[in-house]
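Breakdown of the fold
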Amino acid sequence: MATGVNKVILIGNLGRDPEIQNFENGVKKAAFTLATTEAYKGKDGEKTTHTEWHNIVMWRGLADVAERFLKKGNTIYVEGRIRKREYEDKEGQKKFIYEILGDTMQMLGSGPRRDENNGGGSSQETTREEAPVITTQEDDLPF
């Protein structure tokens, strides 16, 4: 029986092109930032916006899709889980980073698209038929 739920759903825009890492065992990792923005009226009645930046990590099949189709500015839907990593900086201070491990991703709307035929940077529109909802299995993650 599960003792908790760790579920994240985000819709936002890529802040940069995915960074791709290929490991010796053939596993691929894609990492990028995703901006989610909310707009609301402040106490003074003025419209205010707040943008939150999220670190997204995708593995294997989703990393392949991210490499082929995602580009800075794309709007995507992501489902996943929050993970905390810790590391030591140059001064020996313990630091933490929070990431969203993406399990499901869907491209939304149109926008910049990578095109494997021209090396990326195409201005062609992306349709849902070109990039369907992609899901990984729990046992597909490397840990």
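Remember, it's a predicted structure, so these values are computed and weren't measured experimentally. (Residues numbered from 1 in each chain as written. Predicted model: local features only at pLDDT ≥ 70, side-chain atom pairs only at ≥ 80, totals over all residues. Heavy atoms only, no water.)

**Concerning the overall build of the protein**
Scanning the protein from terminus to terminus reveals 1 helix and 7 strands. When the helices and strands of the protein are read in sequence order from the N terminus, they spell out β-β-β-β-α-β-β-β. The contacts of the protein with a sequence gap of at least 6 include a subset with a gap of at least 24, amounting to 58%. A total accessible area of about 9400 Å² is found for the protein, and carbon and sulfur atoms account for 46% of it. (Helix = DSSP H or I, 4+ residues; strand = E, 2+ residues; numbered from the N terminus. Contact = heavy atoms within 4.5 Å. Areas by Shrake-Rupley, 256 points an atom, 1.4 Å probe, with all protein chains shown as cover.)

**Section: the nonpolar core**
Core analysis: the biggest nonpolar cluster contains 19 residues, and Phe-32, Leu-34, Ile-56, Met-58, Leu-70, Ile-76 and Met-105 have the highest contact counts within it. Looking at this core, the elements with two or more residues in it are β1 (8-14), β3 (28-41), β4 (47-59), α1 (60-69), β5 (75-88) and β6 (94-108). Looking at this core element by element, the count peaks at 5 residues for α1. When near neighbours in sequence (up to four residues on either side) are disregarded, Ile-76 contacts Leu-10, Ile-11, Gly-12, Leu-14, Phe-32, Leu-34, Leu-70, Met-105, Gln-106, Met-107 and Leu-108. (Core = buried A, V, L, I, M, F, W, Y, C linked by side-chain atoms within 4.5 Å. Buried < 20%, exposed > 50% of the residue type's maximum accessible area, 1.4 Å probe, protein only.)

**Thoughts on the packing of aromatic side chains**
Applying the stated criterion to the full structure yields 1 aromatic pair. For the pair Phe-23 and Trp-59, a centre-to-centre distance of 5.9 Å together with 25 degrees between the ring planes defines the contact as stacked. Remark: Trp-59 occurs in strand β4 and Phe-23 occurs in the loop between β2 (19-22) and β3; sequence separation between them is 36 residues. Note on Phe-23: relative accessible area 36%, which makes it partly exposed. The class of Trp-59 is buried, set by a relative accessible area of 13%. (Phe/Tyr/Trp six-rings, centres within 6.5 Å; stacked < 30°, edge-to-face > 60°.)

**A closer look at the pairing of β2**
In this sheet, β3 lies alongside β2 in antiparallel orientation, the contact comprising 4 bridges. What sits directly across from Ile-20, in β3, is Ala-30. Taken together, β2 and the strand that follows it, β3, pair antiparallel across an intervening segment of 5 residues, in which Gly-26 is found at a positive phi of about 90 degrees. (Pairing = 2+ DSSP bridges.)

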